[in-house]
Amino acid sequence: MKKLIVGNWKMNGNLTANQDLLVALAGNQNVASGACDAAVCAPVSYLFQLKNVLETTRWTWGAQDVSAHDAGAYTGEVSAGMLKDFNVRYVLVGHSERRQYHGESDSLVAAKAQRALAAGITPIVCVGETLAERERGETMDVVKRQLAAVIHAVGHCATELVVAYEPVWAIGTGQTASPPQAQAVHAVLRAQLVAACGEHGMSSRILYGGSMTAANAAALLAENDIDGGLIGGASLKPTDFSSILFAASAA
Ligand code: PGA
């Protein structure tokens, strides 16, 4: 399956710096030739800029969060319909930074995924264990519980999900899951998708995220069930990000 590389800018950027970065991305030959699929998830304030620079390319773009509500008195929230106004293709839901710092529960994440799907936006459902959970041997239980909540809520639409396995201890730490460690979790997530969606689960993409870099991308992407990457820090550095896109195209 063609790999999907998604950049997650988190709360970084400004109009000037974004423009340079986006122009560099727009010129990427691996993406232009269709050798890999690629997207950027930026703060909502910059979605218009992503749309302006990327709409004539093969790049797609996304947001990092979405409201679980449709519309109304929810100050500060952004709805899936509003994201759709900027031709957003993806939205991250349940990123560990949202779960950790904003108290997002499995059921809230599932509601967000449902809103995204209803608006025609593909949710990238982030799952992953903390270091303490890994040390207690709970990794598989945690990721299965997190994904099950979403599958349960979206039913047959589960085939439309992208899943991202992001071990919390690997995010922004420079500590990456080894390829076999990541593959073991991806295989469990794959089995869960197949159980829910039958053979379509085989073609759902499962991304790895957590300190993926130019140096380790090729080995991770060579694993059977690692269908792409969700890249934080390295997505802000054009040279590093383009090396990851190259690795994804060669995988
Ligand atoms: P990182 O972030 O690549 O900086 O570890 C990944 C993510 O949080 O999506």
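These numbers come from a predicted model, not from an experiment.

> Outline unusual backbone geometry, supporting the account with residue identities and numerical values.
One non-glycine residue, asparagine 87, lies in positive phi territory at about 55 degrees. Turning to its location among the elements, asparagine 87 is positioned in the loop between helix H4 (80-84) and strand S4 (90-93). The backbone of serine 211 shows a phi angle near 55 degrees, a positive value even though the residue is not glycine. Residue position: serine 211 is located in the loop between strand S7 (206-209) and helix H10 (217-221). Take serine 211: its relative accessible area is 17%, and that puts it in the buried class.

> Could you give an account of the site of the ligand, with specific residues and numbers?
Around the ligand, the structure places 13 residues, and the nearest of them are Lys10, His95, Glu166, Gly172 and Ser211. The separation between an oxygen atom of the ligand and a polar side-chain atom of lysine 10 is 2.7 Å. Within the side chain of glutamate 166, an N or O atom sits 2.7 Å from an oxygen atom of the ligand. A total of 290 Å² of accessible area belongs to the ligand in isolation, and the protein chains cover 95% of it. The class makeup of the residues in the shell around the ligand is four nonpolar, seven polar and two charged.

> Please provide a residue-by-residue account of the packing of aromatic side chains, values included.
Tallying each qualifying case throughout the model produces two aromatic pairs. Between tryptophan 59 and phenylalanine 241 the ring centres are 6.2 Å apart and the planes differ by 40 degrees, which places this aromatic pair in the tilted class. On the criterion of sequence distance, the pair formed by tryptophan 59 in the loop between helix H3 (47-54) and strand S3 (60-63) and phenylalanine 241 in helix H11 (residues 238-250) is long-range, its members being 182 residues apart. The class of tryptophan 59 is buried, set by a relative accessible area of 3%. Here phenylalanine 241 falls in the buried class, since its relative accessible area comes to 0%.

> Let's hear about a nonpolar patch on the surface: which residues, and what values?
On the surface, Leu15, Phe48 and Phe86 cluster together to form a nonpolar patch covering roughly 260 Å² of accessible area. Examined against the element boundaries, phenylalanine 86 turns out to sit in the loop between H4 and S4.

> Explain the nonpolar core to me, using residue names and the numbers behind them.
Counting 63 residues, the largest nonpolar core has Leu50, Trp59, Leu189 and Tyr208 as the members making the most contacts within it. Excluding anything up to four places from it in sequence, leucine 189 contacts Val127, Val143, Leu147, Val163, Tyr165 and Ile206. Grouped together as the second largest cluster of nonpolar side chains are twelve residues, Cys41, Tyr90, Val162 and Ala164 included.

> Break down the packing of helix H8 (residues 139-154) against helix H9 (residues 179-197) for me, with residues and values.
Their axes nearest at 10 Å, the elements H8 and H9 cross at an angle of 30 degrees. By the angle between their axes, H8 is roughly parallel relative to H9. By crossing handedness, the relation of H8 to H9 is classed as right-handed. Here Thr139, Met140, Val143, Lys144, Leu147, Ala148 and Ile151 of H8 come into contact with H9, specifically with Ala184, Val185, Val188, Leu189, Gln192, Leu193 and Ala196.

The rules we used
Residues numbered from 1 in each chain as written. Predicted model: local features only at pLDDT ≥ 70, side-chain atom pairs only at ≥ 80, totals over all residues. Heavy atoms only, no water. Helix = DSSP H or I, 4+ residues; strand = E, 2+ residues; numbered from the N terminus. Buried < 20%, exposed > 50% of the residue type's maximum accessible area, 1.4 Å probe, protein only. Near = heavy atom within 4 Å. Polar contact = N/O pair within 3.5 Å; in protein donor to acceptor, adjacent residues only side chain to side chain. Areas by Shrake-Rupley, 256 points an atom, 1.4 Å probe, with all protein chains shown as cover. Nonpolar A, V, L, I, M, F, W, Y, C, P; charged D, E, K, R; others polar. Phe/Tyr/Trp six-rings, centres within 6.5 Å; stacked < 30°, edge-to-face > 60°. Patch = residues over 30% accessible without salt bridge, like charges linked within 9 Å, V, L, I, M, F, W, Y side chains within 5 Å. Salt bridge = Lys/Arg side-chain N within 4 Å of Asp/Glu carboxyl O. Core = buried A, V, L, I, M, F, W, Y, C linked by side-chain atoms within 4.5 Å. Contact = heavy atoms within 4.5 Å. Axes fitted to C-alpha atoms, helices over the stretch in contact; angles between N-to-C directions. Parallel < 35°, antiparallel > 145°, perpendicular 65-115°, else oblique. Left-handed = near helix turned anticlockwise from the far one by under 90°.

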